[in-house]
Amino acid sequence: MRQQDQQVAAAAIVGDKRWLGKLQGELRAAIAPVFAQARSRLTAFAYIGALLAEAGDRRSCWQLAEAAGHASPRRMQALLGEHAWDWQAALAALQRFILGHLGDPEAVLVVDETAELKKGEMTVGVSRQHTGITGQVENCQTVVSMAYVTARAHALFDFRHR
């Protein structure tokens, strides 16, 4: 298949959102073993579906629950804060998924440190630390992430919270 034909075919698949269902199915299969209980697994699938349903970089449990068709954010909150699941195994599964789909010998890993200033002390990970935003020691939350970047696409690959 010529490159132009591939681009037209890819545009048709993306345009009708068939790719989204395929992606969700593959992600579900990749992370299903991480969850011992069906309710945790089903909520995780709803969480992933809500994240993929609409573009955006900030979403609360209320917004995700609404997108998933839940009456309240309780299930999403319980998944993130109470349910027992192995986040390290989930991360490893997602890394295998990324490499399986984007694997490229020319890929690069890009490290990014992002700090968000915070006023209170109740948010997870908030402490007085140096922040590049102001160049001073501030009350903030810092996340260091790594992206796997190829000529075709990029995906977040790892993170550390400090």
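Residues numbered from 1 in each chain as written. Predicted model: local features only at pLDDT ≥ 70, side-chain atom pairs only at ≥ 80, totals over all residues. Heavy atoms only, no water.

Asker: So what's going on with the overall build of the chain? Residues and values would help.
Answerer: The secondary structure content of the chain amounts to 6 helices and 4 strands. Along its sequence from the N terminus, the chain presents helices and strands in the succession α-α-α-α-α-α-β-β-β-β. For the chain, with 162 residues in total, the buried portion stands at 29%. Residue pairs at least 24 apart in sequence account for 48% of intrachain contacts in the chain once pairs closer than 6 positions are excluded. (Helix = DSSP H or I, 4+ residues; strand = E, 2+ residues; numbered from the N terminus. Buried < 20%, exposed > 50% of the residue type's maximum accessible area, 1.4 Å probe, protein only. Contact = heavy atoms within 4.5 Å.)

Asker: Which residues make up the environment of Arg-152, and what values go with them?
Answerer: Here Arg-152 is to be found in the loop between β3 (136–149) and β4 (154–161). Judged by its relative accessible area of 62%, Arg-152 falls in the exposed class. Between the C-alpha atoms of Arg-152 and Leu-102, which are 50 residues apart in sequence, the distance is 7.7 Å. In this structure Arg-152 touches His-101 and Leu-102, once residues within four positions along its chain are discounted. Within the local environment of Arg-152, its side chain forms a polar contact with the backbone oxygen of His-101, the two atoms lying 2.6 Å apart. (Polar contact = N/O pair within 3.5 Å; in protein donor to acceptor, adjacent residues only side chain to side chain.)

Asker: Account for the pattern of salt bridges, with residues named and values stated.
Answerer: On inspection of all chains with the given rule, the structure shows 3 salt bridges. The residue Glu-82 makes a salt bridge to Arg-74 at a minimum N-O spacing of 2.9 Å. A relative accessible area of 44% means that Arg-74 is categorised as partly exposed. (Salt bridge = Lys/Arg side-chain N within 4 Å of Asp/Glu carboxyl O.)

Asker: I'd love a proper account of the packing of helix α3 (residues 38–53) against helix α5 (residues 74–81), names of residues and values included.
Answerer: At their nearest, the axes of α3 and α5 sit 10 Å apart, and the two run at 110° to each other. It follows that α3 is roughly perpendicular to α5 by the angle criterion. Between α3 and α5, the contacting residues are Ser-40, Thr-43, Ala-44, Ala-46 and Tyr-47 on the first element and Arg-75, Met-76, Leu-79 and Leu-80 on the second. Across the contact of α3 with α5, the residue classes break down as 6 nonpolar, 2 polar and 1 charged. (Axes fitted to C-alpha atoms, helices over the stretch in contact; angles between N-to-C directions. Parallel < 35°, antiparallel > 145°, perpendicular 65-115°, else oblique. Nonpolar A, V, L, I, M, F, W, Y, C, P; charged D, E, K, R; others polar.)

Asker: Give me a nonpolar patch on the surface: which residues, what numbers.
Answerer: A cluster of nonpolar side chains, Trp-87, Val-143 and Phe-159, forms an exposed patch at the surface whose accessible area comes to about 250 Å². By the element assignment, Val-143 lies in strand β3. (Patch = residues over 30% accessible without salt bridge, like charges linked within 9 Å, V, L, I, M, F, W, Y side chains within 5 Å. Areas by Shrake-Rupley, 256 points an atom, 1.4 Å probe, with all protein chains shown as cover.)

Asker: Give me the confidence of the model for the chain: which residues, what numbers.
Answerer: Caution applies to low-pLDDT parts of the model: their predicted coordinates are not meant to be read in detail. Taken over all residues, the pLDDT of the chain has a mean of 82, while the share at 70 or more is 87%. Ignoring residues within four places in sequence, the model shows residues 1–14, a span with pLDDT below 50, making 5 contacts including any to other chains. (pLDDT = per-residue confidence, 0-100.)

Asker: Could you give me a rundown of the nonpolar core, with the residues and numbers involved?
Answerer: Burial of nonpolar side chains together is a common tendency in soluble globular proteins. Counting 11 residues, the largest nonpolar core consists of Leu-27, Ile-31, Ala-32, Val-34, Phe-35, Ala-44, Phe-45, Ile-48, Leu-79, Ala-90 and Phe-97. Contributing elements (two or more residues each) for this core: α2 (18–31), α3 and α6 (87–102). Tallying contributions element by element places α3 first for this core, with 3 residues. Discounting chain neighbours no more than four positions away, the residues touching Ala-44 are Ile-31, Phe-35 and Leu-79. In this structure, Ala-46, Cys-61, Leu-64 and Ala-65 belong to the second largest nonpolar core, which totals 6 residues. (Core = buried A, V, L, I, M, F, W, Y, C linked by side-chain atoms within 4.5 Å.)

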